[in-house]
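Coordinates in review
This is what each chain is made of:
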Amino acid sequence: MAGRRYSTGEFAKKANVSIRTIHYYNEKGLIKPSFISEAGYRYYSDRDFARLQKILTLKHLGFSLEEIRTISLREDDTDFLSHSFALQLELVRKRIEHLQFVEKSIRKTKEKFDAAGEVDWEEMTQLIQIVDMERDLVEQYKNEKNIKSRINLHEKYSHNPKGWFPWLFEQVENEPVRTVLELGCGDGAFWKSCRDRIPPYWDITLSDVSRGMLEDAEKNLKKIPGKRKYLVADCQSIPCKDNSFDLVLAHHVLFYPKDLQAALSEICRVLKPGGALCCATYGRNHMREVEEFVREFDEEITLSRIRLYENFGLENGRELLEEYFTEISLYEYPDYLEVSEAEPLLDYILSCHGNQRERLAPKYDRFKAFLEKKISSGGFIRITKQAGAFLARTPKR
């Protein structure tokens, strides 16, 4: 991809953008000239042109320049274009699917209006929400990418052969269950992993605050037999009738609600008498080595602005649940990681919710070398895992 070199003016003209835009992207660290002459003139390559095309596409899809910079951190020479095009195609497809869904919803609303001669305002409210969903495209992409980065690291380097999702399923498969509600289902990874163990008589409702995530879950589980419904829902206000479910699943969910009491009250309300809640979380030592070596590299980095385990973790979960349930059991998942490659660990670190993207962006290559040196010294980095699940039975009324 060497190609010819372009002056700043030629490069801007070729891309149909202003010279000022090129200078601005330079300042933001999104594009750097491939060559600077002794006189200080900047020159760009065809590879830089491909990078600019990606920036403009992501910007058109709604990403901020800071988000684009984070996405572009993992560009290496061998697979830059392939990964770049794959990412753009994925996002464009999601936008097309959303617009098709909007078209279908508008047509349906119009047909009803034409037939009845009056507006169904409840349906109009739903239509507004559907049209507004496009704003969630960027957020959904980030959430999906973050979830996949975490799952990939654990699947690749965990030492417990059972696997996290199958282990979680074991905790509930012997419960007397017919109706199940999962809160925060994401893309349906839990059910996909346990597809061969789901009893055919289970009536499952998958819920998430993101309609886009639910659409992905429905796609991922389409070929798996069974009765399933999909519901946009916040665990602090569950749109289901009282006494609807034998079992509620809330895996890595209960440390997020602003009002945990409201969420637990809602869960108790929708559970049948004698029903159960299974909720996974982690403890204060979970992945602690990652925080330690990141802080060793840059003591200003914080991987999480909020310590989620303090909201609902292995240490305090029982106490928080005791107000709402009669019987509570804690099951801990014995496991650890031995990470032998820097790339998956880098993805995991970038997926966290702190300030690491901003701090690492200008020194990404140095940080990657720092991790590779740590791994090479012992062949791997051993990382503590401290995760588990509470099984809370019989909601208090």
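Residues numbered from 1 in each chain as written. Predicted model: local features only at pLDDT ≥ 70, side-chain atom pairs only at ≥ 80, totals over all residues. Heavy atoms only, no water.

With that out of the way, let us pick up the packing of aromatic side chains. The tally for this structure, following the rule as stated, stands at 18 aromatic pairs. Seen from their ring centres, Phe 11 and Phe 49 are 6.3 Å apart, and the 80° between their planes marks the pair as edge-to-face. Remark: Phe 49 occurs in helix α3 (residues 46-60) and Phe 11 occurs in helix α1 (residues 8-15); sequence separation between them is 38 residues. An aromatic cluster is present here, built from Phe 165, Phe 169, Phe 190, Trp 191 and Trp 202 joined pairwise through their rings. Here the basic side chain of Arg 5 rests over the ring of Phe 35, its NZ or CZ set 4.0 Å away from the ring centre. Directly above the aromatic system of Tyr 336 lies the positively charged group of Arg 382, at a separation of 3.6 Å from the ring centroid. (Phe/Tyr/Trp six-rings, centres within 6.5 Å; stacked < 30°, edge-to-face > 60°. Helix = DSSP H or I, 4+ residues; strand = E, 2+ residues; numbered from the N terminus. Lys NZ or Arg CZ within 6 Å of the ring centre and 35° of its normal.)

Moving on, we come to the sheet that holds strand β12 (residues 387-395). Read from one edge to the other, the open sheet built from 7 strands follows the order β6-β5-β4-β7-β8-β12-β9, with strand pairing classed as mixed. This sheet does not close on itself; its edge strands, each paired only once, are β6 (227-232) and β9 (325-333). On average, adjacent strands in this sheet sit at an angle of 15° to one another, irrespective of strand direction. Each of β5 (203-208) and β6 is contacted by helix α10 (residues 211-220), which is oriented at about 165° to β6, the strand it contacts most. Packed onto the sheet, helix α11 (residues 260-270) meets β4 (179-182), β7 (245-249), β8 (271-282), β9 and β12 and runs at close to 140° relative to β8. (Pairing = 2+ DSSP bridges. Axes fitted to C-alpha atoms, helices over the stretch in contact; angles between N-to-C directions. Contact = heavy atoms within 4.5 Å.)

Quick look at the pattern of salt bridges now. For side chains bearing opposite charge, pairing can occur when the charged atoms are close. Overall, the coordinates contain 24 salt bridges when judged by the stated rule. In this structure, Glu 315 engages Arg 284 in a salt bridge whose closest nitrogen and oxygen atoms are separated by 4.0 Å. Residue Glu 315 is located in the loop between α13 (308-311) and α14 (317-321), and its partner Arg 284 is located in the loop between β8 and α12 (288-297); the two are separated by 31 residues in the primary sequence. For Arg 284, a relative accessible area of 46% translates into the label partly exposed. One network of salt bridges, in which partners are shared, links Lys 162, Glu 170, Glu 173 and Arg 197. (Salt bridge = Lys/Arg side-chain N within 4 Å of Asp/Glu carboxyl O. Buried < 20%, exposed > 50% of the residue type's maximum accessible area, 1.4 Å probe, protein only.)

This brings us to the packing of α1 against α3. Closest axis-to-axis distance for the α1/α3 pair is 11 Å, and the angle between their directions is 45°. Classified by the angle between their axes, α1 and α3 sit oblique to one another. As α1 runs across α3, the sense of the crossing is right-handed. Contacts between α1 and α3 involve Phe 11, Lys 14 and Ala 15 from the former and Asp 46, Asp 48, Phe 49 and Leu 52 from the latter. Residue composition of the contact of α1 with α3, grouped by class: 4 nonpolar, no polar and 3 charged. (Parallel < 35°, antiparallel > 145°, perpendicular 65-115°, else oblique. Left-handed = near helix turned anticlockwise from the far one by under 90°. Nonpolar A, V, L, I, M, F, W, Y, C, P; charged D, E, K, R; others polar.)

Let us now look at the packing of helix α15 (residues 342-351) against helix α17 (residues 364-378). Helix-helix packing: each pair is described by the crossing angle between the helix axes and the interaxial distance. For the pair α15 and α17, the least separation of the axes is 10 Å and the interaxial angle reads 125°. Compared by their axis directions, α15 and α17 come out oblique. Handedness of the α15/α17 crossing: right-handed. Between α15, through Ala 342, Glu 343, Leu 345, Leu 346, Ile 349 and Leu 350, and α17, the contact on the second element is made entirely by Tyr 364, Phe 367, Lys 368, Leu 371, Glu 372 and Ile 375.

Here β7 lies mainly inside the structure; 5 of its 5 residues are buried. In terms of strand pairing, β4 meets β7 through 3 bridges, oriented parallel. Of the residues in β7, the one forming a bridge with Glu 182 is Leu 249. Judged from the 4 bridges that link them, β7 and β8 form a sheet pairing that is parallel. When the bridges of β8 are listed, Phe 245 appears paired with Leu 271.

With 61 residues, the main nonpolar core has Trp 191, Ile 267, Leu 277, Leu 321 and Phe 325 as its most contacted residues. In terms of residue count, the dominant contributor to this core is β8 (7 residues). Apart from residues no more than four positions distant in its own chain, Trp 191 is found in contact with Phe 169, Val 180, Glu 182, Ile 198, Trp 202, Ile 204, Leu 206, Leu 221, Ile 224 and Leu 249. Counting residues in hydrophobic clusters, the runner-up holds 26 residues, among them Met 287, Tyr 364, Phe 367 and Ile 375. (Core = buried A, V, L, I, M, F, W, Y, C linked by side-chain atoms within 4.5 Å.)

Taken together, Lys 192, Arg 195, Lys 222 and Lys 223 make up a surface patch of like positive charges. When you line up the elements, Lys 222 lands in the loop between α10 and β6. Take Lys 222: its relative accessible area is 70%, and that puts it in the exposed class. (Patch = residues over 30% accessible without salt bridge, like charges linked within 9 Å, V, L, I, M, F, W, Y side chains within 5 Å. Areas by Shrake-Rupley, 256 points an atom, 1.4 Å probe, with all protein chains shown as cover. Lys, Arg positive; Asp, Glu negative; His and termini not counted. Charge placed at Lys NZ, Arg CZ, Asp CG, Glu CD.)

Here the focus is the sheet that holds strand β2 (residues 35-36). The strand order across the open sheet formed by 3 strands is β1-β3-β2, and the pairing between neighbours is antiparallel. Across the chains shown, the open sheet's two edge strands, defined by having one partner strand only, are β1 (6-7) and β2.

Quick look at helix α2 (residues 19-27) now. Here α2 has its buried residues at Ile 22, Tyr 25 and Asn 26. In an axial view of α2, the angular spread of the buried residues amounts to 105°, which keeps them on one side of the axis. What points out from α2, more than 90 degrees from its buried face, is the exposed set Arg 20 and Glu 27. Turning to α2, the residues buried within the fold contact α1, β3 (42-44), α3 and α4 (65-71). Just beyond α2, the residue with positive phi is Gly 29, at close to 75°. (Arc of directions from axis to C-beta.)

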